[in-house]
Amino acid sequence: MQPIIQYETGAILFRQLAAAVRQGAPVNEVVDILGRDPDLFRKDQAAIETLSQFLADGVALSSALLQLPELVARETAELIRAGEETGSLSVVFDALADDYMSRSQGRSTLFKASTLPAALLAGIFIITACALIFVIPAFKDVYSTFGADLPAPTMLLIGISDVFVELWWILLPGLVAAIVAYRRGRLPEAWIDALHRAVMSFGFARRYVVTGFVGQLVSWLRIGVLYPAVLSAALAHLRATHRTQVLRLCVDRIRQSLGEGQPLSVALEGVQPLPARLSLMVRLGERMQNVDDVLAQFAELGRNDAEVVLSRFERGLSTVLYILFGLTVGTIVIALYLPIFKLGSVV
């Protein structure tokens with residue numbers, strides 16, 4: 001099950017839990033108070049209230065979270081358990097709060113950047129639907145009196161229009177259901193993987209996704225450098241909270257190399273789609289015995305690069321949609337007017 005808790009709620013929850021652990025405050029009381037926040041989404045509030053009930057019954061936090069897959073992923077609960085066992089729980093909670101806040105900000109930024117392209121995509125869909133339902137059938141009636149065979153592009157367009165006119169009441173709800181299922185993580189993995197591969201085939205989209213992922217990876221690597229016992233669990237959390245297969249395979253390869261006892265720089269070397277600079281900088285850090293400082297420098301470089309990547313993403317997405325709009329309208333117009341050129345031969 002895909003966790004339903006909002007990123008903002010998760011950031012608040014984990015930040016307060018980190019403060020509670022540092023101050024020695026009862027965790028169950030903190031969770032109970034947070035569960036009463038009227039500004040929380042109803043589902044988030046219900047999940048936190050359930051967590052509070054588990055804690056009040058004396059269940060350990062990680063064990064309680066393992067029984068609440070709607071609150072956090074199983075791997076996230078295992079990361080918290082690793083923090084409990086290694087005495088680094090407050091650090092883990094702070095890292096999770098930063099992770100959730102970063103994802104929240106990333107989603108907000110993506111929403112702002114996609115507003116105009118989304119409006120353009122909606123316009124393309126509306127224009128195409130109106131043409132298929134109203135315009136093309138009218139041309140079909142006119143062309144039926146020509147007494148000549150229609151060109152193949154026109155016949156194909158009319159065939160698509162006939163299908164859409166007959167089945168629009170199934171196709172439109174099906175599209176909405178597919179979007180909702182994707183957002184809730186209920187589409188088949190093969191479908192999600194195919195969709196992500198299609199998106200990642202565009203260079204601007206691939207770089208945007210990879211830049212965000214690398215930033216999260218570096219944050220967890222810094223935690224792992226300071227607390228090696230939680231590194232594997234941190235990487236498992238990172239893998240579980242990403243749905244793009246190529247990124248999951250990237251994490252799997254790093255975990256496998258680290259499990260074989262290889263240094264971090266070797267584990268990162270040659271792993272796609274990570275930038276080669278990351279492994280080189282980590283190698284320098286290992287030589288100078290200050291890997292955390294090097295990773296902090298890399299993270300700073302990544303934050304500076306993020307603005308450029310976002311700008312390119314906006315321009316790239318808008319360009320693709322403008323091209324799609326032109327191709328869609330142009331194809332419909334050309335296919336509809338091709339028979340006009342055959343009118344002279346009929347007369």
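Every value quoted in this text rests on a predicted model; they were computed, and no experiment measured them.

So, how was this worked out
- Residues numbered from 1 in each chain as written.
- Predicted model: local features only at pLDDT ≥ 70, side-chain atom pairs only at ≥ 80, totals over all residues.
- Heavy atoms only, no water.
- Helix = DSSP H or I, 4+ residues; strand = E, 2+ residues; numbered from the N terminus.
- Rg over C-alpha atoms; globule rule 2.2 N^0.38 Å.
- Buried < 20%, exposed > 50% of the residue type's maximum accessible area, 1.4 Å probe, protein only.
- Contact = heavy atoms within 4.5 Å.
- Areas by Shrake-Rupley, 256 points an atom, 1.4 Å probe, with all protein chains shown as cover.
- Lys, Arg positive; Asp, Glu negative; His and termini not counted.
- Charge placed at Lys NZ, Arg CZ, Asp CG, Glu CD.
- Arc of directions from axis to C-beta.
- Axes fitted to C-alpha atoms, helices over the stretch in contact; angles between N-to-C directions.
- Parallel < 35°, antiparallel > 145°, perpendicular 65-115°, else oblique.
- Left-handed = near helix turned anticlockwise from the far one by under 90°.
- Phe/Tyr/Trp six-rings, centres within 6.5 Å; stacked < 30°, edge-to-face > 60°.
- Salt bridge = Lys/Arg side-chain N within 4 Å of Asp/Glu carboxyl O.
- pLDDT = per-residue confidence, 0-100.
- 1 Å grid on protein atoms, 1.4 Å probe; cavity = no way out; pocket = protein on both sides within 12 Å on 5 of 7 lines; lining within 4 Å.
- Points joined across faces, edges and corners; volume = space filled by probe spheres on them.
- Nonpolar A, V, L, I, M, F, W, Y, C, P; charged D, E, K, R; others polar.
- Core = buried A, V, L, I, M, F, W, Y, C linked by side-chain atoms within 4.5 Å.

S.K.: Can you walk me through the overall build of the protein in this structure?
M.R.: On a plain count of helices and strands, the protein comes out with 15 helices and zero strands. Relative to its length of 347 residues, the protein is extended, with a C-alpha radius of gyration of 26 Å against a globular reference of 20 Å. Here the protein holds 347 residues, and 37% of them are scored as buried. Put simply, of all contacts in the protein between residues at least 6 apart along the chain, 61% involve residues at least 24 apart. For the protein, the computed accessible surface area is about 19,200 Å², with 61% contributed by carbon and sulfur atoms. Between the centroid of the 30 positive side chains of the protein and the centroid of its 32 negative side chains there is a distance of 5 Å.

S.K.: What am I meant to see in the side chain of Ser318 here?
M.R.: Structurally, the position occupied by Ser318 is in helix H14 (residues 291-337). By relative accessible area, which is 16% here, Ser318 ends up buried. Other than its neighbours up to four places away in sequence, Ser318 contacts Pro117 and Leu120.

S.K.: Sorry if this is basic, but what is going on with helix H2 (residues 27-34) here?
M.R.: It helps to recall that an α-helix has 3.6 residues per turn; residues three or four apart then point in one direction. Among all positions in H2, only Val30, Val31 and Leu34 are buried. Each buried residue of H2 lies within a common arc of 95° when the element is viewed along its axis, so the set occupies one face. Packing partners of the buried residues in H2 comprise helix H1 (7-23) and helix H3 (42-56).

S.K.: Please clarify how the packing of helix H9 (residues 203-226) against H14 should be interpreted in this entry.
M.R.: The geometry of a pair of packed helices is captured by two quantities: the angle between their axes and the separation between those axes. As a packed pair, H9 and H14 sit with axes 7 Å apart at the nearest point and diverge in direction by 165°. With respect to H14, the axis of H9 lies roughly antiparallel. For the pair H9 and H14, the sense of crossing is left-handed.

S.K.: Even after reading the chapter, I still don't get the packing of aromatic side chains, so can you show me in this structure?
M.R.: Geometry of an aromatic ring pair is reported as the spacing of the ring centres plus the angle between the planes. A complete count under the given rule lists eight aromatic pairs for this structure. On the numbers, 5.9 Å between centres and 80° between planes, the contact of Tyr7 with Tyr100 is edge-to-face. Linking Tyr7 in helix H1 with Tyr100 in helix H6 (residues 89-143), this pair joins segments that are 93 residues apart in sequence. What links up through ring pairs into an aromatic cluster is the set Tyr7, Phe14, Phe93 and Tyr100.

S.K.: For this particular structure, what's the right way to read the pattern of salt bridges?
M.R.: Pairs may arise between side chains of opposite charge once their charged atoms sit close together. Scanning the entire structure with this criterion turns up 13 salt bridges. A salt bridge links Asp193 to Arg197, with the nearest nitrogen and oxygen atoms 3.1 Å apart. One end of the pair is Asp193 and the other is Arg197, both in helix H8 (residues 189-200) and four residues apart, which spans about a single turn. Connected via shared salt-bridge partners are Arg15, Arg22, Asp94 and Asp98.

S.K.: Can you help me understand the confidence of the model for the protein in this one?
M.R.: On average, residues of the protein score 89 in pLDDT, and 97% of them reach the 70 mark or higher. Here helix H15 (residues 343-346) stands out as the least confident element of the protein, with mean pLDDT 57; helix H12 (residues 264-268) is the most confident, with 95.

S.K.: Help me understand empty space enclosed by the protein in this model?
M.R.: One way to see where empty space is left: roll a probe the size of a water molecule over the atoms. Per the stated rule, a full pass over the model turns up one cavity of 30 Å³ or more. Quantified by volume, the largest cavity comes out at close to 40 Å³. Lining the largest cavity are Thr9, Ile12, Leu13, Leu34, Asp37, Leu40 and Ile48. Counting residues per element, the lining of the largest cavity draws most heavily on H1, at three residues. Along the lines of polarity and charge, the residues of the lining of the largest cavity split into five nonpolar, one polar and one charged.

S.K.: Teacher, can you tell me more about the nonpolar core here?
M.R.: Note that soluble globular proteins tend to have their nonpolar side chains buried in a common cluster. Ranked by size, the top nonpolar core spans 64 residues in total, and within it Phe14, Leu51, Phe213, Leu217, Ile254, Leu274 and Leu278 carry the most contacts. For this core, the element with the most residues is H9, which contributes eight residues. Every residue in contact with Ile254, bar those within four places of it in the chain, is listed here: Leu217, Leu235, Ala267, Leu268, Val271 and Leu274.

S.K.: Looking at this model, I keep getting lost on unusual backbone geometry. Mind explaining?
M.R.: Outside of glycine, negative phi angles account for most residues, and trans bonds account for most peptide bonds. Cis geometry marks the peptide bond from Gln272 to Pro273; its omega dihedral reads 5°. Here Pro273 shows up in the loop between H12 and helix H13 (276-288). Although it is not a glycine, Gln289 adopts a positive phi angle of roughly 60°. Mapped onto the fold, Gln289 is located in the loop between H13 and H14. On the basis of relative accessibility, which here comes to 74%, the residue Gln289 falls in the exposed class.

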